Amino acid sequence: MLAALTFVDRPPQSAAALAAWFEKHLVAPGWMPRPAHVTEGFSEQVTLAPPAAADPEEPELRELVGAARFRVLASLRAFMPPAADDRFLTAAIRAGRVRPAGDTALWEPCPRAEDLLSDIVLSLFAADILSYREFHDAYLCVCKTCLRIDFDPSTSGRTGCPEHQPTATVSVMRRSRPPL
Ligand SMILES: [Zn+2]
């Protein structure tokens, strides 16, 4: 889960940073082989191996990471109430990107190197949500406005954040309604 949150909060901005993220969070724990490149939907494959890209700004890598990050957050937002769309969980199971961890009730990610980057990150979220479903159903918050992820629904609900509070918006709308 830390790996997935790290990707969402501080998305890797270079091939070297993304390779390091893979190494630390997925390759070292034995969950997947080291990928030579990453891909995401429409975009071209971007290599993770040195030598570094010709353009030091690595715009293709950044764009790919941004697209993957957005797809991950959109899946998590759909998972929030009232829709509670958990198709990304069944998709991860059917595609074999998560598997039961030993004979416990826990799950672990097992993405393939050729999977979309977003599917790899989603497999990390899926393994944690499948392992701790009740916790996530109670505490996982994704702001529907800015897609911020949090684990404290007490102040802004599960679809808000400190800056975007659904309850506050509703009460303002009620107050502005003309009296009957
Ligand atoms: Zn927000």
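Residues numbered from 1 in each chain as written. Predicted model: local features only at pLDDT ≥ 70, side-chain atom pairs only at ≥ 80, totals over all residues. Heavy atoms only, no water.

Draft legend 1. Looking closely at the layout of surface pockets. Size it by volume and the second largest pocket reaches roughly 160 Å³. Every residue lining the second largest pocket is counted, 13 residues in all, and those nearest its centre are Met-1, Trp-31, Pro-109, Leu-124 and Asp-128. Breaking the lining of the second largest pocket down by element, the ones donating at least two residues are helix H1 (2–9), strand S4 (107–109) and helix H5 (117–131). For the lining of the second largest pocket, the element with the most residues is H5, which contributes four residues. When its residues are assigned to classes, the lining of the second largest pocket shows 10 nonpolar, two polar and one charged. (1 Å grid on protein atoms, 1.4 Å probe; cavity = no way out; pocket = protein on both sides within 12 Å on 5 of 7 lines; lining within 4 Å. Points joined across faces, edges and corners; volume = space filled by probe spheres on them. Helix = DSSP H or I, 4+ residues; strand = E, 2+ residues; numbered from the N terminus. Nonpolar A, V, L, I, M, F, W, Y, C, P; charged D, E, K, R; others polar.)

Draft legend 2. Looking closely at the environment of Thr-90. Within the fold, Thr-90 resides in helix H4 (residues 87–94). In this structure, the C-alpha to C-alpha distance between Thr-90 and Leu-130, residues 40 residues apart in sequence, is 9.9 Å.

Draft legend 3. Broad picture of the coordination of the zinc ion. Taken together, the protein ligands of the zinc ion are Cys-143 (SG), Cys-146 (SG), Cys-161 (SG) and His-164 (ND1), with distances of 2.0 to 2.3 Å. Metal-centred angles of 99 to 115 degrees between the four donor atoms at the zinc ion mark the site as tetrahedral. For the zinc ion, the single-chain donor residues occur in sequence as C-x2-C-x14-C-x2-H. Taken together, the residues span a long stretch of sequence, with Cys-146 in the loop between strand S5 (141–142) and strand S6 (149–150) and His-164 in the loop between helix H7 (153–156) and helix H8 (166–176) at a distance of 18 residues. A relative accessible area of 27% means that His-164 is categorised as partly exposed. (Donors = N, O, S within 2.8 Å, 3.2 Å for Na, K, Ca; no water. Tetrahedral: all angles 85-135°; square planar, octahedral: opposite > 155°, others 65-115°. Buried < 20%, exposed > 50% of the residue type's maximum accessible area, 1.4 Å probe, protein only.)

Draft legend 4. Summary view of the packing of helix H3 (residues 59–79) against H5. Their axes nearest at 8 Å, the elements H3 and H5 cross at an angle of 35 degrees. For the crossing formed where H3 meets H5, the hand is right-handed. Facing H3, whose interface residues are Leu-64, Val-65, Ala-68, Arg-71, Val-72, Ser-75, Leu-76 and Phe-79, H5 presents Leu-117, Ser-118, Asp-119, Val-121, Leu-122, Phe-125 and Ile-129. Here the residues of the contact of H3 with H5 sort into 11 nonpolar, two polar and two charged. (Axes fitted to C-alpha atoms, helices over the stretch in contact; angles between N-to-C directions. Left-handed = near helix turned anticlockwise from the far one by under 90°. Contact = heavy atoms within 4.5 Å.)

Draft legend 5. Focus on the side chain of His-136. Looking at the element boundaries, His-136 is found in helix H6 (residues 133–139). In this structure His-136 comes out as buried when scored by relative accessible area, which is 0%. One polar contact links His-136 to Asp-128, side chain to side chain, over a distance of 2.7 Å. Setting aside chain neighbours within four positions, we find His-136 in contact with Met-1, Asp-128, Ile-129, Phe-151 and Arg-158. (Polar contact = N/O pair within 3.5 Å; in protein donor to acceptor, adjacent residues only side chain to side chain.)

Draft legend 6. Representation of the nonpolar core in the model. The biggest cluster of nonpolar side chains holds 41 residues, and the ones touching the most others in it are Leu-18, Trp-21, Phe-22, Val-38, Leu-117, Phe-125 and Ile-149. At the level of secondary structure, the elements contributing two or more residues to this core comprise H1, helix H2 (15–27), H3, H4 and H5. Of the residues forming this core, the biggest block, 10 residues, is contributed by H5. Look past the residues within four positions of Leu-117 in its chain and what remains in contact with it is Phe-7, Leu-18, Phe-22, Val-38, Thr-39, Glu-40, Leu-64, Val-65 and Ala-68. (Core = buried A, V, L, I, M, F, W, Y, C linked by side-chain atoms within 4.5 Å.)

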